[in-house]
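Chain by chain, the residues:
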There are 2 protein chains.
Amino acid sequence: MLDLLLARYGLSDESLLCIDTKPSTLKSGQADGIQPRTLEVFKTLGISDEIENEACQMWQFAFWNPSPDKEKIIERTAVMPEVIPPARFGYEATIHQGRIERIMETDLLRYSKRGVLRNTRLVDVVIDENGDAEFPVVVTMNTNGTERTVRTKYLVGADGAHSVVRQSLGLKLEGESLDHIWGVVDLVADTNFPDIRRRCGIHSPAGSVMVIPRERIATGEYLTRLYVHVPEIVSPGDDQLPAKTTESKSEDARQRRTKITLGGILKQAADAMQPYYIRPKDGAIDWWAAYQIGQRVLPEFIVKDSKNAARVFIVGDACHTHSPKAGQGMNVSMMDSYNLAWKLIYQINGLAPTSTPDNPTPLLNTYQTERHEIAQQLIEFDRKFSTMFSGQMGATEGLTQEEFQQAFKLNNGFTSGCGVEYPENILVVRDSNPSLNPVQGTDYLSGILRPGRRLLNIKLLRHADGGQRDLHDGKIQVVIWLIRFRAFQLTNDTDTPSTGRFRILCLTSQDLLDREGVSAKALERMAILIANFPASTIEQIVLHPRLHRFFEWGDIPDCVKQTSEMRFYDGSALVDAYSIYGVDPAHGALAVIRPDGYVGVVAQLGDVKQVEEYLRACIRTIL
Amino acid sequence: MLDLLLARYGLSDESLLCIDTKPSTLKSGQADGIQPRTLEVFKTLGISDEIENEACQMWQFAFWNPSPDKEKIIERTAVMPEVIPPARFGYEATIHQGRIERIMETDLLRYSKRGVLRNTRLVDVVIDENGDAEFPVVVTMNTNGTERTVRTKYLVGADGAHSVVRQSLGLKLEGESLDHIWGVVDLVADTNFPDIRRRCGIHSPAGSVMVIPRERIATGEYLTRLYVHVPEIVSPGDDQLPAKTTESKSEDARQRRTKITLGGILKQAADAMQPYYIRPKDGAIDWWAAYQIGQRVLPEFIVKDSKNAARVFIVGDACHTHSPKAGQGMNVSMMDSYNLAWKLIYQINGLAPTSTPDNPTPLLNTYQTERHEIAQQLIEFDRKFSTMFSGQMGATEGLTQEEFQQAFKLNNGFTSGCGVEYPENILVVRDSNPSLNPVQGTDYLSGILRPGRRLLNIKLLRHADGGQRDLHDGKIQVVIWLIRFRAFQLTNDTDTPSTGRFRILCLTSQDLLDREGVSAKALERMAILIANFPASTIEQIVLHPRLHRFFEWGDIPDCVKQTSEMRFYDGSALVDAYSIYGVDPAHGALAVIRPDGYVGVVAQLGDVKQVEEYLRACIRTIL
C-alpha cells in the first residue's frame, strides 16, 4: 500500500525500494475483510472495481444466542446492518488477501518498473549519521543469498508482527496477552444453518463461533470462514489465576495451541451450531490455523536521528497486534500507510512546513500523533470485543445479548473505519471558541464536518454539465504527481488533479449572487490564496445552497469557472449537503480537506485568513 | 464484440478467428457515444468499470434556439435529461472508440491467446458446398501480403460500411441518400458558451451545431466534439429539385464535401454560436472530418446455403449506414453482435432447437427477424433526426422547438437503447389472449414486463445474506461456458453461471408460505423442468412479494434453496418490484429471460407448461 502510494505520488524506482521476504503474493488464508472506509480509499485510487464486483459483500450481522426453548438450543435474536453509519459503501467486503495484493501489484506496475523486490529478507537496520547524514538509515538485506547494504533517507517497517525493523532498532511492543485461543477455517460449508451467507456471531451453550461469508471460488461455490473459540483447552479459571509473566503465559498458550487440530475446530463449530449441522462439503477445506494473539502496541511508531528528525516509521502489524475477528488488521494497517505516504512525499519534495531546530520534521511527526491514537483504540476495541465474544451470552456471567448488540453498534464507527477521529495537531485544528464554529451539530458519524474525521461522500449535481457526481470522485482521475519541488524550485508543469492535494471545500451562502456578498468576496480571496501556494498543492471545491433564482456562470465571480469549473456543485438538488455537513445555508462555511480525505479545519465563510493559516502550517511556502 | 462474446462462451482459438485490416486499435476520431443499454450489457460482461469511472457522462441535453431578443441571438430554451426512461445508468457516456476497442481486446486476451489477427485483409468470400458441405464458407484472406484460404461453418461480416463480405456475396444496401453535409471536429474549446460541458442542440439563424462533451485527456483538459451543419455548401432548394439518381447525388455530395476545410467548420461553428465565442484552445484540434452519409439498410442480414441453412451474417455498419449524430452507430452495431453471438453458440454446441428440412436453422434466423427490424427503426429515426436537426428551429419552415423537444423525448427509448422491442418470433412469444396475461400495464419503458424488451434492472434484497443486489448482476461472475454439447453428449461439469443461460424469473405470489399454494407448486414443477433441460442452460431467479409474516428457508419449498439460494430476493424491501414489472402480488407471474437479457415470454404463475413450451422451442432437448 505504501509503495503503491509513493510510486503514484511520483517517486521513481531510483528513489523507492520495497522488499518482501515472500516469493509472491499470498495464496490463501490470512486477512480477508475490507472495511467501507478502506473501500472508499481504494475507490479514490481507482482500484476498487474488482472488489466491488467480485468480493463477498457483508450487509448484515446476525446475532444467534441460546434460546429459552431448550429444543431449539440457539435462535437468531437480531439482525443488524453490518455498516451502521452512512458511507459510500453500505457493506464490508471479504476477499482473499492475495487478491488485494495482486490488485495493488497490478496497479503498482503502471508506475514502477521494478515493482516489489521479492525473495528479499531484511537483515538489519541501523541509524548511522557519520557516513552520510542526509541518508542516515543503513539497511542490510539479502536477496536469494546475496547480501547488500543501502543507505536511505527514510525507512518504513511494514514487516508484520515479527518485524525485523522493530527488533533491529530495539523497539518493544507493550501490552497484555490474553489467552483466548481460536481456530479459524475456510471451507465450503454443507449446512442447514439458515444464516450461513450472513456474518454471524453465534453464542451457544457449547461455545462461540463467528461466521464470515466469503467470495465465490472457481467451482462456483461460496467459501465460509469460521472463527471458533476453543474453550475446552483453556484451563478453567485461567483468567482468575495470579498474573503470570507475559513470557510464561504466552509459552503456555503456545503449547496449548499445538494441540488444536482441524478436526477439533470442526467438531467445536458443529457443537456450537447445534441443532444445525455443518461440515465441509466434499471435504473441501481451503485453509485453517489456530492462533492466540495478545493485544499489544508499540509506544513509538517513529525512530528519530540525533537531530530529532523522523527517519524510521513502523506501520501495520509491526506496531499493533491483535485478533483478526473484527476484520481490522489489514484495514488499520493500510490506513497507517495511507496516513503516512502523503506526508513523506511532502517531506521529500520540500513541501513540508518550515521546521524549527528542535522539531525538524513536524509534518512527519503527526504520523505518530494520529496513528498511535488509532492503534490504541484498536487494541482497546479488540480486547473488549474478544472478551465479549469469547464469553457466553445470556448466561449469568458475562454480557447480555443486548449489551453485545449495543457494543457492536457503538463500535461500528470504529470497525467500519468511518468514525476514525484523529486528535488535534498541526493537521487537525479545532477552534476552541464555539461561537466561531460555522458548523452546527455533533453527529459526526452522519457527516457533520469535524476536523480529524473523514469527509463523508455525498452525491452532488454538477453545475457545468448537470452530472450526478460523487464528491469523493473529484480525486480520482490522474494520480501521478508531477510536481518536483526539490531545491525549492517551483514548477507548474501540470494542471491535473492528484491525490496528493489539499482541497478547500467552499460552502457558499445564500448571498452567492450578490457581487458584494460574503460568498463572492470569499471566493475571490480564495483564488488569490490558492495562487500563492505551490502549484498543484491546493484545489477548490465550491458548493452552493438553494438560491432564490436561476443563475448562469456570468452571475457569479469569474474565478469559480476559472479555478473550479468541474468542481462547482448544487448542494441541494440531490441531497441536502448543507444539512448533512451541519452548515447553515445563510452563512456558509469553509473547510480544508487533507490529501488523505480527512477534514483539517473548518472556518467561517468570511474567515479566509484561518484557512490560510492552517495551510501555511501544513505546506511550506517560504523559500 | 462478437469475437469477445464467442471466446467467452467457450470457442477456442482453434474454432474461432477474427481478422482486422487495421494494424491496431483506433487512435482517434470515429464513434464515441455509449448508450445506457450498451453500458448495461458491458456491466453484465464485467467490462464497464473503466467507462463508468473515466468516460464523460452526459446527463443532460440542452436546447438552444433563436431568441426573440435579437441582441441575445440564441437562448437556452430547455434542458432535458439525456436518458429519460429508467435505466441502470442515467447517462450516456462518451469515450474514444479506441479505448472501447482496447477494453475489449484486454478482456479478449483472457480467453483467447491469439486475440484479433490484425493486418489481415479479407479478399473474397464464397459459399461452396461441393468441397465440404459442413464447412461451406470459403474465405480468402491476406495477412501482410501472404494469401490463404480457409473453410468455416459460419462467417460474420462486421467489416463496416465498405464491407467486403457484403460485396463478395453480391448484397446491396438499399435506401435513399440524404444530402446534409456535416463537419465534425474534436477540440479543446476556449469558449464562454455556458453549456459547453452539456450535450447541446444549437439552432441559430446562422446554422446548426451539436455539442458533445467528451472525456478528459492526458493534459487534464476536456475534449469537446462539435457536429456542424455546413449549409452554405448545399445548393439552396436542393431537396426540391427533381430526384437525381443515387449515384449522381452522391457524386455531387462527394465533390461538395471535398470543399470543406477545418477552418470552414470552425467558422461555421463560431457563427452559429454567436454571441458566444468558441475557438480551439492553443490551436488544439484532436481530429476532424467532413461526412455525408445516407440512410441505407441491407434487406437480408443472412446468406443461406443451398439447404436453406444460415451461413453468413452481416452485422453493424456493413448492414446499416446512417449519420453519427445521435451516437447510435457503435451501439446498434455491438447490439447486433450481442444478439447473434449466443445464437451461434447454441447452434455450434448442438443446443439450437430442432430443425425442419425447410428451415434447418430456426434459431439463427431470428437474427434477421430481430435485428433487421431494429436497423429499419434506426434508419427511420436517423432520417427524421438528421432532417430535424439540419433545419432551423423557430423559423416559419421546419419544426418548432417544441416539436423537436417532443421528438427527442419520444425517440429516447430508442436512442438510449432501453426501449428496443423485438418483433414476435420463436424467441419472443406474446400471448394473444389478454385474459391469460399476468402482466398489467403498457408502460414497457418503465419496466412493465414485455416479451421482446430487455428486463429492467432493479435493486433487490437477497434473502440469503440481506445483500442489496442489482438484478442484472446475477449474470456477471464466471463467464466461460464449459458446456460441450457437440455430438449430443450431455455433460455437466460445472455449476457456474454463464451469460449464455436462459433465466426463469419466478415472481411468486402472496401464497408462497402455503405448502399447497400456487407458488409452491410452481416452484416444485420448475425445479423438475430445469432438470430436464441440458445442464447449465437454465437458471432460476425467485422473487417474493411482501408476505404476512416473517419466514425462514424451512417455510418455503426446499427446491428454492437448492436451485436458487443466491438468486432468491425480497421484491418489496428496496423497490416495489411487482409494481415495476406490472405483476399483481396476489397472483404472481413467470417470465423467461433470454441469454441476452430480453424477455422471451410471460406466463401465469401456475402455467409452467407455457414456460416449458417456450424453452423447448428455444433449446434442443430431443437427442
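Residues numbered from 1 in each chain as written. Chains lettered and ligands numbered in written order. Predicted model: local features only at pLDDT ≥ 70, side-chain atom pairs only at ≥ 80, totals over all residues.

**Digging into the environment of K304 of chain B**
Applicable threshold: Runs of H or I in DSSP of at least four residues are treated as helices and runs of E of at least two as strands, each being numbered from the N terminus.
Along the polypeptide, K304 of chain B turns up in strand 16 (residues 302-304). As a C-alpha pair, K304 of chain B and A577 of chain B span 273 residues in sequence and 43 Å in three-dimensional space.

**Considering helix 11 (residues 518-531) of chain B**
Residue and element names in this part refer to chain B. For clarity, the cut-off: Given the number of residues in a helix, its expected span is that number minus one, multiplied by 1.5 Å. Whether a residue is buried, exposed or partly exposed is read from the other C-beta atoms within 10 Å of its own C-beta, which are placed from the backbone; 20 or more gives buried, 12 or fewer gives exposed, and intermediate counts give partly exposed. It is the directions from the helix axis to the C-beta atoms that the arc portrays. Each residue is represented by a C-beta atom placed from its backbone, and any two residues with such atoms within 7 Å are regarded as in contact.
Taking 1.5 Å per residue as the helical rise, helix 11 with its 14 residues ought to reach 20 Å, and the 20 Å between its terminal C-alpha atoms agrees with that figure. Along helix 11, the residues classified as buried are S519, A522, L523 and M526. One side of helix 11 holds all its buried residues, which, seen down the axis, span an arc of 100 degrees. Seen from the buried face of helix 11, the exposed residues on the opposite side, beyond 90 degrees, are I528 and A531. In this structure, the buried residues of helix 11 make contact with strand 21 (502-507), strand 22 (538-544), helix 12 (558-564) and helix 14 (608-618).

**Brief notes about the pairing of strand 17 (residues 310-314) of chain A**
All names here are of chain A. Note the threshold: Two strands pair under a simple rule: DSSP has to find at least two bridges between them.
For strand 17, the tally of buried residues reaches 5 of 5 residues, placing the bulk of the element in the interior. One ladder, built from 3 bridges, connects strand 9 (residues 155-157) with strand 17; its direction is parallel. Residue L155 lies in a different strand from strand 17, and its bridge partner there is V312. As paired strands, strand 16 (residues 302-304) and strand 17 are joined by 3 bridges and run antiparallel to one another. Residue pairing across strands places I302 opposite F313, the latter belonging to strand 17. Hairpin geometry of strand 16 and strand 17 is characterised by an intervening segment of 5 residues between the two adjacent antiparallel strands and by a positive phi of about 75 degrees at N308.

**Remarks on the sheet that holds strand 11 (residues 199-204) of chain B**
All names here are of chain B. Short version of the rule: Geometry is summarised by axes, namely lines fitted to C-alpha atoms with helices restricted to the contacting stretch, and by angles between N-to-C directions that run from 0 to 180 degrees.
Within the open sheet, the 7 strands sit side by side as 4-3-11-12-13-10-14. Their pairing is mixed. The sheet is open, and its two edges are formed by strand 4 (74-81) and strand 14 (278-291), each paired on a single side. For this sheet, the mean angle separating the axes of adjacent strands, direction not counted, is 20 degrees. With 7 bridges connecting them, strand 3 (residues 60-66) and strand 4 associate as antiparallel partners. Bridge pairing links P66 to I74 in strand 4. Helix-sheet contacts for helix 7 (residues 262-272) involve strand 10 (182-191), strand 11, strand 12 (207-216), strand 13 (222-229) and strand 14, and the interaxial angle to strand 12 is about 105 degrees. Together, strand 3 and strand 4 form the strand contacts of helix 10 (residues 401-415), whose direction differs from that of strand 4 by roughly 25 degrees.

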